[in-house]
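If you want the building blocks of each chain, they are given just below.
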Amino acid sequence: MPQMLKVSGESKDMTLDEIEKFVKCARGAEVPGDWPVYAEVSTSGKIKQLEISLGDEPEKY
């Protein structure tokens, strides 16, 4: 089972600071910049959760 980096907002929706932290963590884990990032969004279009694969290949959903 591939490992995933998954981040949720502390409140209902993610902030720009939380998104920046997610990107820094993914870069620190040496995730290639061209891998897809998956997001769960609210009905109003706000980001609730971000997820990216940490394995040898990007996870396909």
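Residues numbered from 1 in each chain as written. Predicted model: local features only at pLDDT ≥ 70, side-chain atom pairs only at ≥ 80, totals over all residues. Heavy atoms only, no water.

Draft legend 1. Seen up close, the confidence of the model for the protein. In this model, the protein carries a mean pLDDT of 89, and residues with pLDDT of at least 70 account for 93%. Considering each helix and strand of the protein separately, the mean pLDDT is smallest for strand β1 (residues 4–8), with a value of 89, and largest for helix α1 (residues 16–28), with 95. (pLDDT = per-residue confidence, 0-100. Helix = DSSP H or I, 4+ residues; strand = E, 2+ residues; numbered from the N terminus.)

Draft legend 2. Geometry of the pattern of salt bridges. Scanning the model with the defined rule gives 3 salt bridges in all. For Lys6, the salt bridge goes to Glu51, with nearest N and O atoms at 3.6 Å. Taken together, the residues Lys6 in strand β1 and Glu51 in strand β3 (residues 47–53) connect sequence positions 45 residues apart. Between Lys24 and Glu20 there is a salt bridge whose closest N-O contact spans 3.7 Å. With Lys24 and Glu20 both in helix α1 and 4 residues apart, the pair spans about one turn of that helix. Judged by relative accessible area, Lys24 falls into the exposed class, the value being 56%. (Salt bridge = Lys/Arg side-chain N within 4 Å of Asp/Glu carboxyl O. Buried < 20%, exposed > 50% of the residue type's maximum accessible area, 1.4 Å probe, protein only.)

Draft legend 3. Summary view of the pairing of strand β2 (residues 38–41). In this structure, β2 lies alongside β3, joined through 4 bridges in antiparallel fashion. Along β3, the bridge assignment pairs Tyr38 with Glu51. Counted along the chain from β2 to the antiparallel partner β3, the turn is 5 residues long, and its residue Gly45 has a positive phi close to 90°. (Pairing = 2+ DSSP bridges.)

Draft legend 4. Structural view of the sheet that holds β1. An order of β1-β3-β2 is seen for the 3 strands of this open sheet, with the pairing classed as antiparallel. The sheet is open, and its two borders are formed by β1 and β2, each paired with just one other strand. With strand direction ignored, the average angle separating the axes of adjacent strands in the sheet is 15°. Lying on the sheet, α1 is in contact with β1 and β3; it crosses β3 at an angle near 5°. (Axes fitted to C-alpha atoms, helices over the stretch in contact; angles between N-to-C directions. Contact = heavy atoms within 4.5 Å.)

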